[in-house]
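Examination of the molecular architecture
Residue strings, one per chain:
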Amino acid sequence: MAKPVLIVTRRLPPTVERRIEKNYRALLNPDDVQFGSESLLRVASSADGILCTTTERIDRTLIDRLPNRLRIIATFSVGYDHIEVAAAQRRGITVTNTPDVLTEATADVALLCLLGASRRAYEGNRLVRERTWGRWSAVDFLGVGLQGKTLGILGLGRIGRATARRAVACGLSVIYHNRTPVAEASTIPAEYVARLDAFLARAQFLSLHVPATPATRHFLNAANLAKLPKGAIVVNTARGALVNDEALIAALKSGQVAAVGLDVYEGEPAVNPGYLELANTFLLPHLGSATIETRDAMGHRAVDNIDAFFAGRTPGDIVAA
Ligand code: 8YV
């Protein structure tokens, strides 16, 4: 039987690409150029599957124009807000993601953002690099301590729980808000707060771990920011679309929010210039899952799903609309 044709939209770790080349007629992207919709459709016209990342927008218009032979879209990510899953389902196209394997790496970056923001890492780093560190002082660069404070986790899924475990080790108490209590929460000391207002009012630290959906878009707006305790620290390693940037920048300027640690941005790689002008912002370029081990595991997980599909089995990570 002829090998299926698989488009791989971005460069992936070498061991993953070698595996793909062995089992598929692979259209790799060695120059790692970014596909637009039209160029993706052109290469997809003779393909059986797509292995994409979050940098491609696979919307209804594109899905409706995919050839009938294309049966699977496997994303190299846990998030799948860049794919219109309902449109794929309507066309009978299977969509898979890569959960689990990036949980710990992303939670590490959530903790990094929390500490980077609360301990003023950007300002300190800049001072050293710009060689303007005049002398040590007992009253400069005072950050916000963690011990005995409360971290609010919005969305106690896999990454939220892994972040909670780290936070508890740092001496934070953890509360969380979800639509319903999470059974797995019993494995970590996290208190469920059913009312969003009550949850926000207690969150001296707030870390976002919900997916980007129409319902969560701009969750962190002026009204919700105002409900946080004054001087709260905000962390976002989930999706930029959860935050209304103008509102958060205003809160950073007023002191309502003392500092932010951000790994994701609405419209990334563009970053709202308001964040860049402030010193109380610890900013990373969406590297939550960027470890050697994790990116390998993500790639192999995506290929496991594709292999299962073409072998006539049900892939382990089918995404539902
Ligand atoms: C990915 C992510 O590394 O998996 C996700 O949803 O946001 C990141 O961890 C990145 O988006 C690559 O697709």
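First, a word on scope: everything that follows refers to the structure included in this document. Because the structure is predicted, anything quoted here is derived from the model rather than measured.

Thoughts on a nonpolar patch on the surface
Taken together, Val-128, Trp-133 and Trp-136 make up a surface patch of nonpolar side chains, about 430 Å² in accessible area. By secondary structure assignment, the location of Val-128 is in helix H6 (residues 121-129).

Some thoughts on empty space enclosed by the protein
Applying the stated rule across the entire model yields one cavity of 30 Å³ or more. Space inside the largest cavity adds up to approximately 30 Å³. Split by residue class, the lining of the largest cavity holds six nonpolar, two polar and one charged.

Considerations on the sheet that holds strand E5 (residues 94-96)
Spatial strand order, E2-E1-E3-E4-E5: five strands in an open sheet with parallel pairing. Among the strands making up the open sheet, the edge pair consists of strand E2 (25-27) and E5. Pairs of neighbouring strands in the sheet enclose a mean axial angle of 15 degrees, with direction left out of account. In the sheet, strand E1 (residues 5-8) pairs with strand E3 (residues 49-52) via three bridges, with the strands oriented parallel. Paired with Val-8 across the two strands is Leu-51, which belongs to E3.

Some remarks on the layout of surface pockets
Here the second largest pocket defines a volume of roughly 230 Å³. Lining the second largest pocket are Gly-124, Leu-127, Val-128, Thr-132, Trp-133, Gly-134, Arg-135, Trp-136, Ser-137, Asp-140 and Phe-141. Classifying every residue of the lining of the second largest pocket by side-chain character gives five nonpolar, four polar and two charged.

Some details on the site of the ligand
Close to the ligand lie Thr-53, Thr-54, Phe-76, Ser-77, Val-78, Gly-79, Leu-102, Arg-239, His-286, Ser-289, Arg-295 and Met-298, which account for all nearby residues. In this structure, Thr-54 approaches the ligand through a side-chain N or O atom, which is 2.7 Å from an oxygen atom. One nitrogen or oxygen atom from the main chain of Gly-79 is found 2.8 Å from an oxygen atom belonging to the ligand. In isolation the ligand exposes 330 Å². Once the protein is present, 91% of that is buried. For the shell around the ligand, a count of residues per class yields four nonpolar, six polar and two charged.

Quick look at the pattern of salt bridges
Taken as a whole and judged by the stated rule, the model has 19 salt bridges. Taking the shortest distance from any N to any O, the salt bridge between Arg-18 and Glu-21 comes out at 3.0 Å. Remark: Glu-21 and Arg-18 occur in helix H1 (residues 14-23); sequence separation between them is three residues, near one turn of the helix. Among the residues examined, Arg-18 registers a relative accessible area of 44% and is labelled partly exposed.

Here's the deal with the packing of helix H5 (residues 103-118) against helix H7 (residues 158-169)
Relative orientation of the contacting elements H5 and H7 amounts to 50 degrees, with a least axis distance of 8 Å. Put simply, H5 runs oblique to H7. The hand of the H5/H7 crossing is right-handed. Across the interface between the two elements, Thr-103, Glu-104, Thr-106, Ala-107, Asp-108, Ala-110 and Leu-111 from H5 touch Arg-158, Ile-159, Ala-162, Thr-163, Arg-165 and Arg-166 from H7. Across the contact of H5 with H7, the residue classes break down as five nonpolar, three polar and five charged.

Topic: the packing of aromatic side chains
According to the stated counting rule, one finds three aromatic pairs in the structure shown. Ring geometry for Tyr-176 against Tyr-192: centres 5.2 Å apart, planes inclined by 45 degrees, an arrangement best described as tilted. Of this pair, Tyr-176 sits in strand E7 (residues 173-177) while Tyr-192 sits in strand E8 (residues 190-192), and the two are 16 residues apart along the sequence. The exposure class of Tyr-176 is buried, given its relative accessible area of 2%. Here the aromatic cluster, defined as three or more aromatic residues joined through ring pairs, consists of Tyr-24, Phe-309 and Phe-310.

Conventions and cut-offs
- Residues numbered from 1 in each chain as written.
- Predicted model: local features only at pLDDT ≥ 70, side-chain atom pairs only at ≥ 80, totals over all residues.
- Heavy atoms only, no water.
- Patch = residues over 30% accessible without salt bridge, like charges linked within 9 Å, V, L, I, M, F, W, Y side chains within 5 Å.
- Areas by Shrake-Rupley, 256 points an atom, 1.4 Å probe, with all protein chains shown as cover.
- Salt bridge = Lys/Arg side-chain N within 4 Å of Asp/Glu carboxyl O.
- Helix = DSSP H or I, 4+ residues; strand = E, 2+ residues; numbered from the N terminus.
- 1 Å grid on protein atoms, 1.4 Å probe; cavity = no way out; pocket = protein on both sides within 12 Å on 5 of 7 lines; lining within 4 Å.
- Points joined across faces, edges and corners; volume = space filled by probe spheres on them.
- Nonpolar A, V, L, I, M, F, W, Y, C, P; charged D, E, K, R; others polar.
- Pairing = 2+ DSSP bridges.
- Axes fitted to C-alpha atoms, helices over the stretch in contact; angles between N-to-C directions.
- Near = heavy atom within 4 Å.
- Polar contact = N/O pair within 3.5 Å; in protein donor to acceptor, adjacent residues only side chain to side chain.
- Buried < 20%, exposed > 50% of the residue type's maximum accessible area, 1.4 Å probe, protein only.
- Parallel < 35°, antiparallel > 145°, perpendicular 65-115°, else oblique.
- Left-handed = near helix turned anticlockwise from the far one by under 90°.
- Contact = heavy atoms within 4.5 Å.
- Phe/Tyr/Trp six-rings, centres within 6.5 Å; stacked < 30°, edge-to-face > 60°.

So, to be careful, I would describe these as geometric facts and stop short of saying anything about function.
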